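Architecture at a glance
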Amino acid sequence: MRSLFWRILATLWLAIALVAGLSTLLGYALQQDAWILDRYPGVQSLAQNWTQVYEQEGEEAAQRFLERHKRRFRIETQVLDSNGHPIVSGTFPARSAAFEKHEQKNERRLPWRRLTEDYTSPTTGETYLFIYRIPHPDLFAWQRETMLWPFSAVVIALVVLTLFSLLLTLSITRPLDRLRNAVHDLGRTAYQQTSLARLARRRDELGLLARDFNRMGERLQNLIDSQRQLLRDVSHELRSPLARLRIALALAERAAPEERERIWPRLTQECDRLEALISEILTLARMDADPGAARPIALDELLKQLQSHAQLSAPEQQIQIQVPEHLSLYGWPDMLERALDNLVRNALRFNPADHPIEISGHIRDHQLELSVRDHGPGATETELPQLSTPFFRGAKQTAPGHGLGLAIARRSAERHGGTLQLSNHPEGGFIATLRLPLANAAP
């Protein structure tokens with residue numbers, strides 16, 4: 001039995017059947033002398049009623065009481081005193097004692113059920129021994145009527161509990177089946193969050209599992225989609241420099257020695273561009289890998305290094321840094337340095353030389369914000385949502401580039417648990433803001 005559904009259902013049902021069986025055995029155990037004396041109509045309260053008649057009205061009235069009782073219930077009764085002597089003649093037939101001994105000697109079953117009961121009078125304190133002989137047919141008929149309701153109740157309980165077991169089993173196996181289908185879809189890279197939307201609304205452990213699986217599936221599906229898109233973009237972007245290299249090589253093979261000297265620098269430039277493109281592609285791909293444990297980052301030292309590197313590459317530009325001293329961050333220094341370096345390089349492409357590039361840092365709404373602002377032309381409203389997409393270049397971008405810098409900065413912010421916001425500054429220019437959770441920051 002490999003199905004979890006049948007395992008759970010069978011386990012619950014067997015447990016219920018075992019309880020019902022034990023209850024039945026307990027019911028049979030209760031069919032003993034004490035139980036019969038307490039519940040059988042012909043015996044119930046007989047000792048009390050006879051004692052009251054005997055003590056108030058005498059032996060003759062007590063004898064008539066037993067005879068009336070025998071005609072009504074077909075029960076033979078004998079009453080003995082504390083010494084074992086009969087108090088009244090009773091209703092035992094003649095020679096019944098000899099018949100009883102004869103049947104017991106031959107190990108045959110007697111035609112009646114023999115019961116005994118002691119009763120002490122609350123008035124006189126005398127103790128009487130009552131001996132009853134109940135015919136088996138009458139006793140069996142009463143037992144069948146008495147046990148009809150318990151057996152019916154057991155059957156009804158089994159039906160109801162089986163239905164509840166079925167519902168419980170379905171409530172467990174159906175969500176697991178949905179999770180199995182979701183895993184199957186995720187394995188085929190065709191995962192849809194709507195497939196577990198109903199299950200994720202549950203408030204039990206399966207609902208928590210579905211929500212966690214949704215988050216995992218969304219991230220894996222996004223990673224798969226981004227990798228697919230990256231491969232398509234890489235194949236497209238690599239065609240241009242490779243085509244230029246082929247053309248330059250073809251021209252160099254046919255050109256004269258003097259013309260080859262002019263073509264070699266162009267080949268070197270195309271090779272450098274291709275190498276830079278591959279380097280940025282590898283950097284973007286490494287953003288999805290496990291970066292290891294987070295480490296403290298000295299933010300002021302990191303920004304000073306970026307400032308010195310930027311001034312070496314563009315000495316005509318000025319960079320102003322307004323960040324509180326000793327502001328530290330927990331994360332991955334290389335990743336954050338590459339993100340900020342790309343934001344500064346992007347600002348250098350568009351910022352005019354007579355305005356400084358502004359780098360600021362502060363804490364707002366439980367987040368650490370690092371902003372890089374330039375005074376360039378900015379971007380259109382339609383381009384802003386696409387600027388952090390790999391290989392996307394705005395219409396106003398004429399400087400060389402591959403459209404990967406902002407994508408790398410966005411991936412870095414996401415790896416730190418934050419976001420990258422790109423917008424036009426109200427006073428003109430473009431501003432890129434890294435927002436990182438305050439849990440990762442220590443001012």
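Everything numeric here is computed off the predicted structure, so don't read it as measured data.

**Some details on the overall build of the chain**
- The secondary structure content of the chain amounts to 12 helices and 11 strands.
- In the chain, the proportion of contacts linking residues at least 24 apart, taken out of those at least 6 apart, comes to 65%.
- Looking at the chain as shown, the accessible area adds up to about 26,900 Å², and 55% of this sits on carbon and sulfur atoms.

**Looking at the sheet that holds strand β2 (residues 112-120)**
- The three strands lie next to each other as β1-β3-β2, forming an open sheet whose pairing is antiparallel. Of all the strands in the sheet, the pair left with one neighbour each is β1 (76-80) and β2. Averaged over all pairs of adjacent strands, the angle between strand axes in this sheet comes to 20°, irrespective of strand direction.
- Across nine bridges, the pairing between β2 and strand β3 (residues 127-135) is antiparallel. Bridge pairing in β3 places arginine 114 opposite arginine 133.
- This element, helix α3 (residues 46-57), spans β1, β2 and β3 of the sheet and lies at about 125° to β3.

**Here's the deal with helix α11 (residues 333-350)**
- The terminal C-alpha atoms of α11, which comprises 18 residues, lie 26 Å apart, in line with the 26 Å expected from a rise of 1.5 Å per residue.
- Residues of α11 that are buried include every one of Met335, Leu336, Ala339, Leu340, Asp341, Asn342, Leu343, Val344, Asn346, Ala347 and Leu348, and no others.

**Let's talk about the packing of aromatic side chains**
- Inspection of every chain in the model, using the stated rule, returns five aromatic pairs.
- For the pair tryptophan 50 and phenylalanine 130, a centre-to-centre distance of 5.4 Å together with 85° between the ring planes defines the contact as edge-to-face. Note that tryptophan 50 is positioned in helix α3 and phenylalanine 130 in strand β3, a separation of 80 residues in sequence. This pair shows no difference in class: tryptophan 50 is buried, exactly as phenylalanine 130 is.
- With a centroid separation of 6.2 Å and 20° between ring planes, the pair formed by phenylalanine 130 and tyrosine 132 is classed as stacked. By the burial criterion, phenylalanine 130 is buried, and tyrosine 132 matches it.

**Side note on the sheet that holds strand β9 (residues 419-424)**
- One open sheet accounts for five strands, arranged β5-β7-β8-β10-β9; its pairing is mixed. Edge positions in the open sheet fall to β5 (319-322) and β9, since each of these has one partner strand only. On average, each strand axis in the sheet is tilted by 15° relative to the strand beside it, whichever way the strands run.
- Of the pairings in the sheet, the one linking β5 to strand β7 (residues 357-364) comprises four bridges and is parallel in character. Looking at the pairing, isoleucine 319 lines up with isoleucine 357 of β7.
- Contacts from helix α10 (residues 299-313) reach β5, β7 and β8 (367-374) within the one sheet, and its direction differs from that of β5 by about 175°.

**Structural notes on the pairing of β3**
- Taking burial as the measure, the nine residues of β3 include seven buried ones, the bulk of the element.
- In textbook terms, the turn of a hairpin is the stretch between consecutive antiparallel strands, and for β2 and β3 this stretch comprises six residues, one of which, glycine 125, has a positive phi near 80°.

**Describing the environment of arginine 338**
- With respect to the helices, strands and loops of the structure, arginine 338 is situated in helix α11.
- Counting along the chain gives 71 residues from arginine 338 to alanine 409, while the straight-line C-alpha distance between them is 7.3 Å.

**Here's the deal with the pattern of salt bridges**
- Taken as a whole and assessed by the stated rule, the structure comprises eight salt bridges.
- Salt bridges sharing partners connect three or more residues here, namely Arg364, Glu369 and Arg435.

**Some words on a nonpolar patch on the surface**
- On the surface, Ile156, Val160, Phe164 and Leu167 cluster together into a nonpolar patch covering about 400 Å² of accessible area.
- Taking relative accessible area as the criterion, leucine 167 reaches 55% and is therefore assigned exposed.

**Structural notes on the confidence of the model for the chain**
- Predicted confidence across the chain gives a mean pLDDT of 77, with 76% of residues reaching 70 or more.
- The secondary structure element of the chain with the lowest average pLDDT is strand β11 (residues 441-442), at 43, and the one with the highest is α3, at 91.

**Section: the packing of α3 against helix α4 (residues 59-73)**
- The interhelical angle for the contact between α3 and α4, taken along N-to-C directions, is 150°, at an axis separation of 7 Å. Relative to α4, α3 is oriented roughly antiparallel. In the packing of α3 onto α4, the handedness of the crossing is right-handed. Contacts from Leu46, Asn49, Trp50, Val53, Tyr54 and Glu57 in α3 reach Glu59, Ala61, Ala62, Phe65, Leu66 and His69 in α4.

**Here we look at the nonpolar core**
- Residues Leu336, Leu340, Leu343, Leu420 and Leu434 are the most contacted members of the largest nonpolar core, which totals 34 residues.
- If you list the elements that add at least two residues to this core, you get α10, α11, β7, β8, α12 (405-415), β9 and β10 (430-437).
- Looking at this core element by element, the count peaks at seven residues for α11.
- Residues Leu37, Val43, Phe65 and Phe130 belong to the second largest nonpolar core, which totals 25 residues.

**Some words on α3**
- Helix length check: α3, at 12 residues, gives a terminal C-alpha distance of 16 Å against a target of 16 Å (1.5 Å per residue), a fit within 8%.
- Buried residues of α3: Leu46, Ala47, Trp50, Thr51 and Val53, and no others. Burial along α3 is one-sided: seen end-on, the buried residues are contained in an arc of 165°.
- One or two residues past the end of α3 sits glycine 58, with phi positive at roughly 105°.

Analysis parameters
Residues numbered from 1 in each chain as written. Predicted model: local features only at pLDDT ≥ 70, side-chain atom pairs only at ≥ 80, totals over all residues. Heavy atoms only, no water. Helix = DSSP H or I, 4+ residues; strand = E, 2+ residues; numbered from the N terminus. Contact = heavy atoms within 4.5 Å. Areas by Shrake-Rupley, 256 points an atom, 1.4 Å probe, with all protein chains shown as cover. Pairing = 2+ DSSP bridges. Axes fitted to C-alpha atoms, helices over the stretch in contact; angles between N-to-C directions. Expected span 1.5 Å × (residues − 1). Buried < 20%, exposed > 50% of the residue type's maximum accessible area, 1.4 Å probe, protein only. Phe/Tyr/Trp six-rings, centres within 6.5 Å; stacked < 30°, edge-to-face > 60°. Salt bridge = Lys/Arg side-chain N within 4 Å of Asp/Glu carboxyl O. Patch = residues over 30% accessible without salt bridge, like charges linked within 9 Å, V, L, I, M, F, W, Y side chains within 5 Å. pLDDT = per-residue confidence, 0-100. Parallel < 35°, antiparallel > 145°, perpendicular 65-115°, else oblique. Left-handed = near helix turned anticlockwise from the far one by under 90°. Core = buried A, V, L, I, M, F, W, Y, C linked by side-chain atoms within 4.5 Å. Arc of directions from axis to C-beta.

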